Amino acid sequence: MDTDLGVAPIRDVLPHVYSALYVELVVKNPLGPLGQTLQKWLGNAPNGADPVDPGGYTVHSYAVSTGEARGSLTMSAVEAEGIFRRARGRTLDAFSEGGVGKVLEELSNLIFPLPSFFLYNEEKEREWRGAFYFIQGADPQFGLMKAWSVGDCDRGGDEWGQEIRLTEQAVQAINKLNPKPKFFVLCGDLVHAMPGMPWRKEQTEDLQRVLKSIDSEIPLVFVSGNHDIGNIPTAESVKEFCQTWGDDYFSFWVGGVLFLVLNSQFFYDASRCPTLKQAQDQWLDEQLSIAGQRQCQHAIVFQHIPLFLQSMDEEDDYFNLTRLVRQEVADRFTKAGIKAVFSGHYHRNAGGTYQNLDMVVSSAIGCQLGQDTHGLRVVVVTADKITHRYYSIDELNEKGIEDDLMDLMKKN
């Protein structure tokens, strides 16, 4: 930048500069000791991250035009079309109420506007601040309704207009809600076409286009399903999902509650990617340790495949985990104090309890395989319990959330 007095105002010039160049941003953390960087708030650096300066500075490169972050700060990237934030570095930093300190706010005001995910404060989100709610959906699965109707689930999904309309209606219903939900989680099978199958790219693009209409103040949380990474996932299929939708497993905090998003295909069959399963298992042990030490008000899990549909001792089925696996996983969850597991996959509502664990199976936004309606689940989190109710999309659009659920949030 030269000193020509004829140059345009700095706020107008910088976006053009940053759209073409990667600029180095150096931020000092005044609240921590030397050597402690802003990763304290933003999570652990991913493998291969650049080393941080021992003087307490963090250097990273950031391209404003693409939203692509490079370097040692762990943060989510903005999807290329500006649709949504994706989980990165095993966390989702989409829940901002304040910031990582006045230093960033002042930097944003004095130099140039920073993306909102810079202002995520995980430490603040670890604090219980009262009741809230979120919306759970599952299986929009663009293409399944046509495939199911013609009896060819492998290659029959060449149309998905019905799923587009249903998902648009679901987004419309969520956008109407007041107060706004803390987030909207989609528990897998985002599209029907498996990795490498026809129409996968087109189905994905259409779903992203529809989700672009969600209120920008309602973060999206994506869970991987079997149609997203394959019944027997590979390193390549997991990588594709991560590039498109974000990390396949991660954790995040909202209002004192720890949420864990898991890749349940690793529980189903990880024979073609055993090292990836081992990595999730190790990470999960660390997260469950946090929950087990009661460092959170509640701990909740999202995964695509249910542990079970009705009871822990039911027979093995395509729609549940095998008895051996479900017992092992459920025992790990209950030991850590996990309160609930929310899933999809079944395309019907179901669920049960095991000890103090609530297994919640939600029917689909898209194709129904039973007598339920296309719908969404409203989940209210209070200080002492988790209450949930399934609504048809039409019901939620027309009437909103019922008074008794709203009253729960007012009392806590």
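Worth saying up front: this structure is predicted, and the values here are computed from it rather than measured.

A. Structural detail: unusual backbone geometry. Of note, the bond from Asn178 into Pro179 is cis; its omega dihedral lies within 30 degrees of zero at 5°. Summarising the element assignment, Pro179 is placed in the loop between α6 (161–176) and β5 (184–187). With a phi angle near 65°, Arg90 is a residue other than glycine that sits in the positive phi range. Turning to its location among the elements, Arg90 is positioned in the loop between β3 (68–71) and α3 (102–110). What makes Arg90 partly exposed here is its relative accessible area of 27%. Residues other than glycine seldom take positive phi values, yet His345 does so here, at roughly 80°. You can see His345 is positioned in the loop between β10 (340–343) and β11 (350–354). Assessed through its relative accessible area of 3%, His345 is described here as buried.

B. How the structure looks around the pairing of β10. On β10, burial covers both faces: Ala340 and Phe342 on one face and Val341 and Ser343 on the other are all buried. As paired strands, strand β9 (residues 298–302) and β10 are joined by 3 bridges and run parallel to one another. Of the residues in β10, the one forming a bridge with Ile300 is Ala340. Between the parallel pair β9 and β10, the chain is carried across by helix α12 (residues 323–336), and the sense of this crossover is right-handed. Two strands pair when backbone bridges link them, and β10 and strand β12 (residues 357–361) are joined in this way by 4 bridges, in the parallel orientation. In the strand pairing of β12, Ser343 is matched with Val361.

C. Expanded view of the pairing of strand β4 (residues 132–137). For β4, the tally of buried residues reaches 6 of 6 residues, placing the bulk of the element in the interior. Neither face of β4 is open: one carries Phe132, Phe134 and Gln136, the other Tyr133, Ile135 and Gly137, and all of them are buried. Relative to strand β13 (residues 375–381), β4 is paired through 5 bridges, and the arrangement is antiparallel. Counted as the bridge partner of Phe134 is Val379 from β13.

D. Focus on the packing of aromatic side chains. All told, the structure shown has 16 aromatic pairs when counted by the stated rule. Ring plane angle 45° and centroid distance 6.3 Å describe the contact between Trp128 and Phe132, whose orientation is recorded as tilted. On the basis of relative accessibility, which here comes to 5%, the residue Phe132 falls in the buried class. For the pair Phe134 and Phe259, a centre-to-centre distance of 5.6 Å together with 90° between the ring planes defines the contact as edge-to-face. Remark: Phe259 occurs in strand β8 (residues 257–261) and Phe134 occurs in strand β4; sequence separation between them is 125 residues. Accessibility assignment for this pair places Phe134 and Phe259 in one class, buried. Taken together, the ring pairs in this structure connect Phe134, Phe183, Phe250, Phe252, Phe259, Phe302 and Phe342 into an aromatic cluster.

E. Fine view of the sheet that holds strand β7 (residues 250–254). Reading across from one edge, β7-β8-β9-β10-β12-β11 is the order of the 6 strands in this open sheet, with mixed pairing throughout. Looking at the sheet topology across the chains shown, the edges are occupied by β7 and β11. Strand-to-strand, the axes of this sheet are offset by a mean angle of 15°, without reference to chain direction. Strands β7, β8 and β9 of the sheet are contacted by helix α11 (residues 274–292), whose axis makes an angle of about 160° with β8.

F. Expanded view of the sheet that holds strand β14 (residues 386–392). Pairing within the open sheet is mixed, and its 5 strands lie in the order β6-β5-β4-β13-β14. If you trace the sheet from one side to the other, it starts and ends with β6 (220–223) and β14, each paired once. With strand direction ignored, the average angle separating the axes of adjacent strands in the sheet is 20°. In this sheet, β6 lies alongside β5 in parallel orientation, the contact comprising 4 bridges. Its bridge partner lying in β6, Phe184 is registered against Leu220. Sitting on the sheet, helix α14 (residues 403–411) touches β4, β13 and β14, and the angle it makes with β14 is about 150°.

G. Representation of the environment of His345 in the model. In sequence terms His345 and Ile305 are 40 residues apart; their C-alpha atoms lie 5.6 Å from each other. The contact partners of His345, leaving out residues within four places of it in the chain, are Asp139, Asp189, Asn226, His304, Ile305, Pro306, Tyr318 and Phe319. A distance of 3.0 Å separates the side chain of His345 from the side chain of His304, its partner in a polar contact.

Thresholds, definitions, all that
- Residues numbered from 1 in each chain as written.
- Predicted model: local features only at pLDDT ≥ 70, side-chain atom pairs only at ≥ 80, totals over all residues.
- Heavy atoms only, no water.
- Helix = DSSP H or I, 4+ residues; strand = E, 2+ residues; numbered from the N terminus.
- Buried < 20%, exposed > 50% of the residue type's maximum accessible area, 1.4 Å probe, protein only.
- Pairing = 2+ DSSP bridges.
- Right-handed = clockwise from strand over helix to strand, strands pointing away.
- Phe/Tyr/Trp six-rings, centres within 6.5 Å; stacked < 30°, edge-to-face > 60°.
- Axes fitted to C-alpha atoms, helices over the stretch in contact; angles between N-to-C directions.
- Contact = heavy atoms within 4.5 Å.
- Polar contact = N/O pair within 3.5 Å; in protein donor to acceptor, adjacent residues only side chain to side chain.

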